[in-house]
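Each chain, written out:
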Amino acid sequence: MPGVVGGAIYVPGFVSDGRPVAGPDEDAFTLAATAWEELASSAPPLPPARVVHLVGEFPRMVDWGFPALFGHPIDVVPHPSGRPGLAEALAQAEADPSEARPAVVLVAELPERADPASAPAFDLGAGAVALRFGAEGTLSSAERDLLVQGPDPVSGARAFLASRGVRPSLPAGRRALAPSSVRPFVEAPPTAVSEGAYVPRARYLENLGSRWRLVAERCGHCGTLTFPARGACRSCLAREGLSPYSLPRDGGTVVATTTIGPGGQPTEFDGQVAALGEYAVVLVELGPGVCLTLQVADAAPGELPIGAHVGTRLRRLYPMEGEWRYGRKAVPLGQRSEGASAGARGSHGAPTHAA
Ligand SMILES: [Zn+2]
């Protein structure tokens, strides 16, 4: 298939005035990261991309954030928001010399965070798109028109991917959210520093492979999984014969749950609790003997009981040292296909991919 060889759309699980809006712990980086993970987990394995084109208003940390998320060096090329940026990104992705391909184009839209007076009329609202280019070929002019001439890039990509049988990944249920109520939190300058839970930036960056990509180590001697990876087996203490082992992003089981009320939170979550109130924390078993403690997103306390199967998504955690820190949170497992058009594929839960 020429040009785009796979794609995915992520639509956040909140709604305001009938349009999807991002949750309070989502931003352009997490939206695009989620769309890319949807694509990576559903498409046939492809060689690592060499370039990622970003369309939207991304935080500065994407320069190292996307290489950390992809797990290998990758050139990060920014483009303006909206249709002009998408047209520019598509042109560059197609024009790359063959040795620089394949490329990934990631689009993130956060219209509810924009100034209402200047915000364009988005059909869809917040969302993100991941498009994977192959090593050769170009889009047809009809496909390019679909992509860049929709009312906004996410809607255009949705129409384009629908023409190839790909439907958006949708969260479990929709909950109302008034962006005005979370804006003071999400747009506050990330200057808060917690002395009690201070995590040095170097240590945060060092552990991203484990924390973001859920890479554990499997011991070649006794088979034990060690997570986070630490260069030694936690069972037999072997330091050799360890190999990377990717834990599943989705499908973990809740084995314990608790609710953190105001006053009970670690101080780095003070701003979140002040703005949004209590939150749930769950212990999730992701693999044999491997459990993670994760904050719950997109669900109220009590909505993910023991035994529930959950997914994990990259989200904002808390501000520290002038920037947001990111990590995984547990989310309800959503539909991987859209109800209205699921009949074409037969069932919910079908992976979204362009074969
Ligand atoms: Zn071992």
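The paragraphs below set out a description of the structure included in this document. (Residues numbered from 1 in each chain as written. Predicted model: local features only at pLDDT ≥ 70, side-chain atom pairs only at ≥ 80, totals over all residues. Heavy atoms only, no water.)

1. Quick notes on the coordination of the zinc ion
- Donor atoms from the polypeptide that bind the zinc ion are Cys219 (SG), Cys222 (SG), Cys233 (SG) and Cys236 (SG), placed at 2.2 to 2.4 Å.
- Taken together, the 4 donor atoms surrounding the zinc ion define angles of 103 to 118° at the centre, an arrangement classified as tetrahedral.
- Mapped onto the polypeptide sequence, the residues donating to the zinc ion form the spacing pattern C-x2-C-x10-C-x2-C. Of this pair, Cys222 sits in the loop between strand S9 (215-219) and strand S10 (225-226) while Cys236 is found in the loop between S10 and strand S11 (242-246), placing the two residues 14 residues apart along the sequence. (Donors = N, O, S within 2.8 Å, 3.2 Å for Na, K, Ca; no water. Tetrahedral: all angles 85-135°; square planar, octahedral: opposite > 155°, others 65-115°. Helix = DSSP H or I, 4+ residues; strand = E, 2+ residues; numbered from the N terminus.)

2. Let's talk about the packing of helix H4 (residues 141-148) against helix H5 (residues 153-162)
- Interaxial distance between H4 and H5 falls to 6 Å at its minimum, and their mutual angle equals 145°. Here Glu143, Leu146 and Leu147 of H4 lie close against H5, whose contacting residues are Gly156, Ala157, Ala159 and Phe160.
- Along the lines of polarity and charge, the residues of the contact of H4 with H5 split into 5 nonpolar, 1 polar and 1 charged. (Axes fitted to C-alpha atoms, helices over the stretch in contact; angles between N-to-C directions. Contact = heavy atoms within 4.5 Å. Nonpolar A, V, L, I, M, F, W, Y, C, P; charged D, E, K, R; others polar.)

3. Digging into the layout of surface pockets
- In this structure, the largest pocket encloses a volume near 680 Å³.
- What lines the largest pocket is a set of 25 residues, and nearest its centre among them are Arg211, Thr293, Leu317, Tyr318 and Arg328.
- Contributions of two or more residues to the lining of the largest pocket are made by helix H7 (201-206), helix H8 (208-213), strand S13 (279-287), strand S14 (290-295), strand S15 (309-320) and strand S16 (323-332).
- A total of 5 residues in the lining of the largest pocket trace back to one element, the largest contributor, which is S14.
- Of the residues that constitute the lining of the largest pocket, the class distribution is 15 nonpolar, 5 polar and 5 charged. (1 Å grid on protein atoms, 1.4 Å probe; cavity = no way out; pocket = protein on both sides within 12 Å on 5 of 7 lines; lining within 4 Å. Points joined across faces, edges and corners; volume = space filled by probe spheres on them.)

4. As for the pairing of S13
- Extensive coverage of S13 is indicated by the burial of 7 of its 9 residues.
- Bridging between strand S12 (residues 250-260) and S13 involves 7 bridges; their strand directions are antiparallel. From the neighbouring strand, Ala256 faces S13, where its bridge partner is Leu283.
- Taken together, S13 and the strand that follows it, S14, pair antiparallel across an intervening segment of 2 residues, in which Gly289 is found at a positive phi of about 75°. (Buried < 20%, exposed > 50% of the residue type's maximum accessible area, 1.4 Å probe, protein only. Pairing = 2+ DSSP bridges.)

5. Re H4
- Along H4, the positions that sit buried rather than exposed are Glu143, Leu147 and Val148. All buried residues of H4 fall inside an arc of 115° around its axis, so they share one side.
- Those residues of H4 that are buried are in contact with helix H3 (82-95), strand S7 (127-133) and H5. (Arc of directions from axis to C-beta.)

These figures capture arrangement, not role.
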